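One letter stands for each residue in the lines below.
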Amino acid sequence: MLEPALLPTPLVDCTDEAFARAGVELRLKRDDLLHPTVPGNKWRKLAPNLAAAVERGHARLLTFGGAYSTHLRAVAAAAAALGLESVGLVRGEELADRPRNWSLRAAEQSGMRLEFLTRAAYREATGRVAGEYGPQALQRRWGPCLVLPEGGSNALAATGAAAIPAELPDLGERDVVCCPVGTGGTLAGIAAGLPPGARALGVAVLRGGEGYLEAEVARLHRAGYGREFDNWRIDHAHHGGGYGKVRPELALFAEEFERRHGIAVERRYVAKLLAALADLAGAGAFPRGTRLTAVVTGLPDPE
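Sequence order as written defines the numbering, with residues in each chain counted from 1. Local features in this predicted model are restricted to residues of pLDDT 70 or higher, and side-chain atom pairs are both shown and tallied only at a pLDDT of 80 or more, whereas totals for entire chains, interfaces and linings draw on every residue. Hydrogen atoms and water are omitted, and side-chain values are computed over all heavy atoms in the structure.

Engineer: Can you walk me through the sheet that holds strand 5 (residues 113-117) in this structure?
Structural biologist: Strand pairing in a sheet is mediated by backbone hydrogen bonds. Such pairs are either parallel or antiparallel. Pairing is parallel in the open sheet, where four strands are placed in the order 5-4-3-6. Each edge of the sheet is formed by a strand with only one pairing partner; in this case those strands are strand 5 and strand 6 (146-147). For two strands to pair, DSSP has to find at least two bridges joining them. Elements are defined by DSSP. Helices are runs of H or I of four residues or more, strands are runs of E of two residues or more, and each kind is numbered from the N terminus. Note: strand 3 (residues 60-65) against strand 6, two bridges, orientation parallel. The partner of Leu61 across the bridge, within strand 6, is Leu146. In what follows, a contact means two residues having at least one pair of non-hydrogen atoms within 4.5 Å. Note on method: axes are straight lines fitted to C-alpha atoms, helices fitted across the in-contact stretch only, with angles between N-to-C directions ranging 0 to 180 degrees. Where helix 6 (residues 135-142) meets the sheet, its contacts fall on strand 3, strand 4 (85-91), strand 5 and strand 6, and the angle it forms with strand 3 comes to roughly 130°.

Engineer: Even after reading the chapter, I still don't get unusual backbone geometry, so can you show me in this structure?
Structural biologist: Across the chain, the bulk of peptide bonds are trans and the bulk of non-glycine residues have phi less than zero. In this structure, Pro8 follows Leu7 across a cis peptide bond, with omega equal to -10°. Here Pro8 is to be found in the segment before strand 1 (11-13). Here the phi dihedral of Asp170 falls at roughly 60°; this positive angle occurs in a residue that is not glycine. Summary of the burial criterion: residues with accessible area below 20% of their type's maximum are buried, those above 50% are exposed, and those between are partly exposed, where the area comes from a 1.4 Å probe applied to protein chains only. Given a relative accessible area of 69%, Asp170 falls into the exposed group.

Engineer: Before we go on, may I ask you to explain the environment of Gln109 in this structure?
Structural biologist: The residue Gln109 is located in helix 4 (residues 102-109) in this model. On the basis of relative accessibility, which here comes to 64%, the residue Gln109 falls in the exposed class. Spatially, the C-alpha atoms of Gln109 and Ala77 are 8.9 Å apart, while their sequence positions differ by 32 residues.

Engineer: How should the nonpolar core be read in this particular structure?
Structural biologist: Note that soluble globular proteins tend to have their nonpolar side chains buried in a common cluster. Here, nonpolar core refers to any group of buried Ala, Val, Leu, Ile, Met, Phe, Trp, Tyr and Cys residues whose side-chain atoms link them within 4.5 Å. Among the nonpolar cores identified, the biggest contains 30 residues, and Leu26, Leu28, Phe257, Leu277 and Leu292 are the most heavily contacted of them. Contacts of Phe257, omitting those with residues within four sequence positions, involve Cys14, Asp16, Leu26, Leu28, Gly262, Ile263, Val265 and Leu274.

Engineer: It is not clear to me how the packing of helix 9 (residues 185-193) against helix 10 (residues 212-225) should be interpreted in this structure. Could you clarify?
Structural biologist: With their axes 9 Å apart at the nearest point, helix 9 and helix 10 run at an angle of 55° to one another. Overall, the two elements helix 9 and helix 10 adopt an arrangement that is oblique. The interaxial crossing formed by helix 9 with helix 10 has right-handed handedness. Contacts between helix 9 and helix 10 pair Gly185, Leu187, Ala188, Ala191 and Ala192 from the former with Val217, Leu220, His221 and Tyr225 from the latter. Tallied by class, residues from the contact of helix 9 with helix 10 come to seven nonpolar, two polar and no charged. Oblique is the label for any angle not under 35 degrees, not over 145, and not in the 65 to 115 range, which are roughly parallel, roughly antiparallel and roughly perpendicular in turn. Crossing handedness: left-handed means the near helix sits turned counterclockwise from the far one by under a right angle, and right-handed means the same turn made clockwise. The residue classification treats Ala, Val, Leu, Ile, Met, Phe, Trp, Tyr, Cys and Pro as nonpolar and Asp, Glu, Lys and Arg as charged. All others, Gly included, are polar.

Engineer: What should I look at first to understand helix 3 (residues 70-81) in this one?
Structural biologist: Helical geometry note: an α-helix holds 3.6 residues per turn, so side chains three or four residues apart project in the same direction. An ideal rise of 1.5 Å per residue puts 16 Å on 12 residues; helix 3 measures up with 17 Å between its terminal C-alpha atoms. Buried residues dominate helix 3, accounting for 10 of its 12 residues. For helix 3, the set of buried residues is Thr70, His71, Leu72, Arg73, Ala74, Val75, Ala76, Ala77, Ala78 and Ala79. Each element contacted by the buried residues of helix 3 is listed here: helix 2 (40-55), strand 3, strand 4 and helix 4. We call two N or O atoms a polar contact when they sit within 3.5 Å, provided that within protein one can donate a hydrogen and the other can accept it, with sequence-adjacent residues counted only if both atoms are side-chain atoms. Backbone nitrogen of His71 and a side-chain oxygen of the N-cap are separated by 3.2 Å at the start of helix 3; the cap is Ser69. Backbone geometry just downstream of helix 3 places Gly83 in the positive-phi region, at approximately 75°. To estimate how far a helix should extend, the number of its residues minus one is multiplied by 1.5 Å.

Here it is, written out as structure tokens:
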């Protein structure tokens, strides 16, 4: 049985001098506290997909991720709780014979079967490029299964994330709801769930995603809602060198934020979001009186 989620997640006012000087309010939407084993935006995106899997009678979930993928761990834990099998296709065949890192070890301990792919095969499996390791090959290799995309971002995931704005009271024209962006599902859901006047801002955590991520969010909107939305944008200037990279200045920012506010800051996504908002506020990118709500999408890595 999957433990219930903490809903609505806490909303915390965050008085911070860097934002106050710019006349901007900051709130933290603590989705990192949402669930003990399927944390943050992963629960939001997985919940409707898990419901669909059970309704359609699937006994196996198959998905994709890198060596430290939170998504893989979340799918593994959720599948085990629901009595489903899970398969994780991992980017990087060189990892197969190495000792498991803490993240992959946790996925296997939850019962997930891991298969390590070359980067070329991984691109084929995820559907990014055509090839012999495409969707039909996955079904032949693993049998009938519900295939979840990398990061869990599909139309159902976006509808799950759309519940976030519904938990934020009194949203209006002065509000910007913000989140980090890896695959676009959380941002797509937030934008779709906003009331008129409020806006969404995503901070890309990967390098070179300009254009691609915008197209992904638009695609998710069309797939989930049959329309596109014009109330969101993505900042591409604060990826910190690329996905998974944490530069010393970002680590220092996160440490200082933790000391000031008593919240543990996840580095690869949340720290980049908060640092970007502080930088943008200091540069006058937000009109005075703006209220920013930063969605804390996950927990720090344990190691």
